[in-house]
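Structural characterization, general
Below, each chain spelled out in residue letters.
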Amino acid sequence: VTTNPLELDGAILRNLLAETTRAYEAQMAELHAEKELAQITLASIGDGVLATNARGVVKYLNPVAEKLTGWERAEAIGAPLTAVFRLAGQSGEPEEVGEPLRCCLEEGKGFRLNERITLERQDGRRYAVEGSCAPIRASNGRIIGAVLVFQDVSDQRLMALQLAHQATHDELTGLLNRQAFDGHLQRALDEARSLATTHALCYLDLDQFKVVNDTCGHLAGDELLCRVTSLLQESMGHADLVARLGGDEFAVLLARCTLEEARRRVGEFHQALRRFRFTWRDKTFAVGASIGLVPITREFRTVTHLLSAADHACYAAKDKGRNRIQVYQEDDATFVRRHGEMSWVVRIQRTLEEDRFRLFSQQIQPLSPEARPGLYFEVLLRMVEEDGRIHLPADFLRAAERYGLMRAIDRWVIRETLRTLRVQPAPFLDRLRLCAINLSAVSLGDEELYDFLDGELAASGVPADRLCFEITETAAVENLVQARRLMDRLAERGVCFSLDDFGTGMSSYAYLKELPVSFLKIDGRFVKDVVTDPLDRAMVESINQVGHVIGLRTVAEGVSSVAVVERLKAIGVDFAQGNWISPPRPLNAPAVESPSSPGEGGRKGSGEEGRGDEGLSLPGDIEPPPL
Amino acid sequence: MRSRTIHLPGGACPPSALIEACQDAGRPPDMALAFLPPEDGLRETLAAMTAAWPDSLRLGCEAVTQFTGPEATDRGSVQLFWFDDPRHRAGVEVIPGTHGEPPSARRVEAVARRIAASDGALLLVDGLRFPAERFLADLRRILVSVPPLVAGGLASRVSAVGARVFLGERVLPSACLAVTLHGVSMRVEVVRGWSPASPVYTVTRAEGGVVHEIEGAPATSWYRRFFTVHGELAPMPETANRFPLIIEGPRPERQGLYRAMRGFDDPPGAVTFLGDVETGDRVRLGMGNERSLVSTASELAADPVPEAAILYSCTGRESLLGDRSGAEVAAIHRALGGVPLSGFFTCGEIAPTPRGNLGFYNLTAILVLLRELDA
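Residues numbered from 1 in each chain as written. Chains lettered and ligands numbered in written order. Predicted model: local features only at pLDDT ≥ 70, side-chain atom pairs only at ≥ 80, totals over all residues. Heavy atoms only, no water.

A short note on the overall build of chain B
When helices and strands are tallied, chain B shows 8 helices and 28 strands. A buried classification covers 58% of the 375 residues belonging to chain B. In chain B, of all internal contacts separated by at least 6 residues, the share reaching a separation of at least 24 is 82%. For chain B, the accessible area works out to roughly 14600 Å², and carbon and sulfur atoms hold 48% of it. (Helix = DSSP H or I, 4+ residues; strand = E, 2+ residues; numbered from the N terminus. Buried < 20%, exposed > 50% of the residue type's maximum accessible area, 1.4 Å probe, protein only. Contact = heavy atoms within 4.5 Å. Areas by Shrake-Rupley, 256 points an atom, 1.4 Å probe, with all protein chains shown as cover.)

What follows is the structure, given as structure tokens:
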């Protein structure tokens, strides 16, 4: 080693320099590798990446950014970011990225791209993009550029739009759905309140939809709904909003129009609908609609209130014979009655909860000597209020039907009837030939009723062939396919059916062949004056004859005197029922004595018109009255 | 504050010479700070100081090379201080010789309390026999919440047994004097003058002043990489001290501490330094020369202008300055506008670090600037 300190230090400094150089080169190699890795990473990721210098000039873009912007790297580098990354707003208007970029570069504030923004490629194609921009800082904190990361979200945005559309539109018709329509109604209501602008709400219910659905199937029903949708859209103005609220119910918000104008437009639609014929294969149907029309005014407090009024008006249109337009008027008697019905709902529900319904029975007397001796009677329903007042079905059944309580009532009647029969002494069941229970249209369409009845029959031990369900023609037709299915299954168990109130509804003899019924009940309106009125007599004879021809037994309702009985015998009617024969009594006390009151007595279990009051007797022995 | 430095003539100094030196002050000094050569005349000089200024605070330490004004000398230096305000004063705490053992905790606490109550403190330490680093660590723990400015130097080796400190005529081996200043503003400048000369490496095993491994290899191997010339290792540790070890962190309070080498390959593979090196310290080698040290010294700014200055400069710097050992103090004296200045070449320096107090330096010049506070 040299002893000269200068030489020695010089040699050591050379060593240090060599080592520093080696370390520097290693560091540079590492940096280069890191840069390569970063560039490969940036080139590999699925996001577009654009980097600028501190003046907003593009210094880097990865392949995804090249594809999305349509700019090749060579031409993009050196160009202003605002030229390469051109944005447009929701309506296609240019959206400037320059100002937020300036803030980013000068103030270090990162930003996110606006929602629903689109990137316009160099060739004019557009992509929905999302992204953000952040400043790039040197190690000393100085801003040396900005990096913009963005993604093509066209698919997601399209899917979101589709989902949003699905959430607000009816899948079948493409119309607004209930939820979305409510929102529009709310805005219309707000506008009516704040600006005193008048809009109108039309609520319509197709009259023949169930018939088409049941006779031709769901495909036909769907097609009918689509055709009606087209008619509605053609009839209404561009500003009007048409919605399908569910099933065969539609609504139209007629924007900014007086009630007269609304009535005219809805009238035009109604006329078009009346002219319209729906054809499915070999069948052609005339389609009607019951339409409620409500002016949207500041008097309505809520959307619910408004829809309720429209529903009332639609109901009133149905009540007045269907296929008509009814304008809502708050003080109209029909609407007042509807309000009254609604008050029944709570009372019915409470009666069910507190088990205050009561069952009565009214005997059915065989008139023909061929009839098997034994007990025949119909179960009748009464509602007992908390204060002891008793209501006939006529008071509450309409409300129960309207507000979906019939299913519960029917089931209560069936369960309670079977429970009562089960606890009767053995001779009772031996002599029981027929226990008729009224069944509503809703229950006829209830797919779970069979299992329910099966369970109740098993629990009670009552033979199924002693039960007879009384159905109305209208109820059966309302859900023809399902009703037929249920009736067939129950018939296999031995349960029989009677067609109630025959002569008052459609009275289509065709249905008599379609439905598996055993009894035909002739409405009391024809029976009452059968002795004195030749027309009534002819009606009774006609129905009785047709019934016998197709193998049914006939029952005359509303028998009020011995003369009527004699006339019915002469005509050949098989059974008679009425207060003269036996007034209604509590079910566990069927009548034992002779008819004592000429007045009308019973109300049918769950679906018939009332005929006056009746006496309530104490339980007693079970014997038919002597005739 | 007024201050004056006295060139001693060498050998025993007559009291009259001392009295004459401060005649124009009109009164004996409040404090006489002496850095004296370890010669036979030491006690005579102390006796002369007693005779000249019997009521003054007289203290100091042995040193081989002392500073008097712009000059480096080996004949001794005395700096006199007069406080303008009679309420201002200097005090002293003595930590007697412990012969290598650290002072008791109670003693350290008492000294710490006095230092904490002062406006600043100077430490004069026997560089070889007083466990300075341990003492500083204990003081640091106590003074952590009230850190007054503390600076000082370890007296350089003057004999086989170390350098002594003295208070009045008492000469104390293996001891430490803590001079507390009251009513005095104290500012400390750390003068370096070294430049980074290597990349930064990590100490992977160290204990106290012994570094076993750097970057996972024996510390000696790391040194050999730089200090092998024509296949032979340069003389160590003297050559290494021209390229001091600079601690770059990562702990901020350790940033800027330099370390001078004391031993190489003893224990085998390890390198021993005058100050501590911690495992995890990031270190590099520095380089400097006489020009860089003097140049750095000349760049000092005297604002506000001090009334007195004391310089503790490392003996490693003295080696580098070689024949021009006075160049650094001259440059400093000039930069400070001729302020009365004394001091000596030390064997370890004490001064605040960028993030703490009581850092232990090597190869550094610590300049203490004093100015009496307004009354």
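Digging into the overall build of chain A
Each helix and strand counted, chain A has 23 helices and 25 strands in total. A buried classification covers 49% of the 627 residues belonging to chain A. For chain A, long-range pairs separated by at least 24 residues make up 64% of all intrachain contacts whose partners lie at least 6 apart in sequence. Looking at chain A as shown, the accessible area adds up to about 29800 Å², and 51% of this sits on carbon and sulfur atoms.

Side note on the sheet that holds strand β14 (residues 289-296) of chain A
All names here are of chain A. The strand order across the open sheet formed by 5 strands is β10-β11-β9-β14-β15, and the pairing between neighbours is mixed. The open sheet has two edge strands with one neighbour each: β10 (241-246) and β15 (325-327). Here the strands of the sheet are splayed against their neighbours by 20° on average, with no regard to which way each runs. As paired strands, β10 and strand β11 (residues 249-254) are joined by 5 bridges and run antiparallel to one another. Along β11, the bridge assignment pairs Ala243 with Ala251. Of the strands in this sheet, β9 (199-206), β10 and β11 are in contact with helix α9 (residues 218-235), which crosses β11 at around 15°. The sheet strands contacting helix α11 (residues 303-319) are β9, β14 and β15, and the helix crosses β14 at an angle near 145°. (Pairing = 2+ DSSP bridges. Axes fitted to C-alpha atoms, helices over the stretch in contact; angles between N-to-C directions.)

Describing the interface of chain B and chain A
Between chain B and chain A, the residue contacts involve 18 residues of the former and 12 residues of the latter. Each partner contributes to the roughly 1300 Å² buried at the junction of chain B and chain A, and carbon and sulfur atoms together form 70% of this total. Three residues, Phe226, Val229 and Phe243 of chain B, lead the burial of chain B against chain A; their summed loss comes to 36% of the area buried on that side. Ionic pairing is found between Arg225 of chain B and Glu19 of chain A, a salt bridge with its closest N-O pair at 2.7 Å. For the pair chain B and chain A, the number of links is 5 residue pairs in polar contact (both at pLDDT 80 or more). (Buried area = accessible area lost by both parts, 1.4 Å probe. Salt bridge = Lys/Arg side-chain N within 4 Å of Asp/Glu carboxyl O. Polar contact = N/O pair within 3.5 Å; in protein donor to acceptor, adjacent residues only side chain to side chain.)

Remarks on the pattern of salt bridges
A side chain with one charge can pair with a side chain of the opposite charge if their charged atoms come near. For the coordinates displayed, the defined rule picks out 56 salt bridges over all chains. A salt bridge links Arg244 of chain A to Asp170 of chain A, with the nearest nitrogen and oxygen atoms 3.2 Å apart. Residue Arg244 of chain A is located in strand β10, and its partner Asp170 of chain A is located in the loop between α6 (154-168) and α7 (178-195); the two are separated by 74 residues in the primary sequence. Accessibility assignment for this pair places Arg244 of chain A and Asp170 of chain A in one class, buried. Across the salt bridge formed by Arg419 of chain A and Glu416 of chain A, the nearest N and O atoms sit 2.6 Å from each other. Linking Arg419 of chain A with Glu416 of chain A, this pair stays in helix α14 (residues 406-422), spanning 3 residues, or about one helical turn. When salt bridges that share partners are traced, they join Arg251, Glu253, Arg254, Arg259, Asp276, Glu278 and Asp281 of chain B into one network.

Points about the side chain of Arg121 of chain A
Residues and elements named next belong to chain A. Relative to the helices and strands, Arg121 resides in the loop between β6 (118-120) and β7 (126-137). By relative accessible area, Arg121 is classed as buried at 15%. Excluding its chain neighbours within four sequence positions, the residues that come into contact with Arg121 are Lys67, Leu68, Thr69, Gly70 and Tyr127.

Some details on the sheet that holds strand β11 (residues 170-172) of chain B
Hydrogen bonding along the main chain pairs the strands of a sheet, whether they run parallel or antiparallel. Residues and elements named next belong to chain B. Taken together, 6 strands build an open sheet; the order of strands is β1-β6-β2-β3-β10-β11 and the sheet is mixed. Sheet topology places β1 (2-7) and β11 at the edges, where each strand pairs with a single neighbour. With strand direction ignored, the average angle separating the axes of adjacent strands in the sheet is 15°. Two elements, strand β2 (residues 31-36) and strand β3 (residues 57-62), share 6 bridges in a ladder whose sense is parallel. Its bridge partner being in β3, Ala34 is matched across the sheet by Gly60.

These figures capture arrangement, not role.
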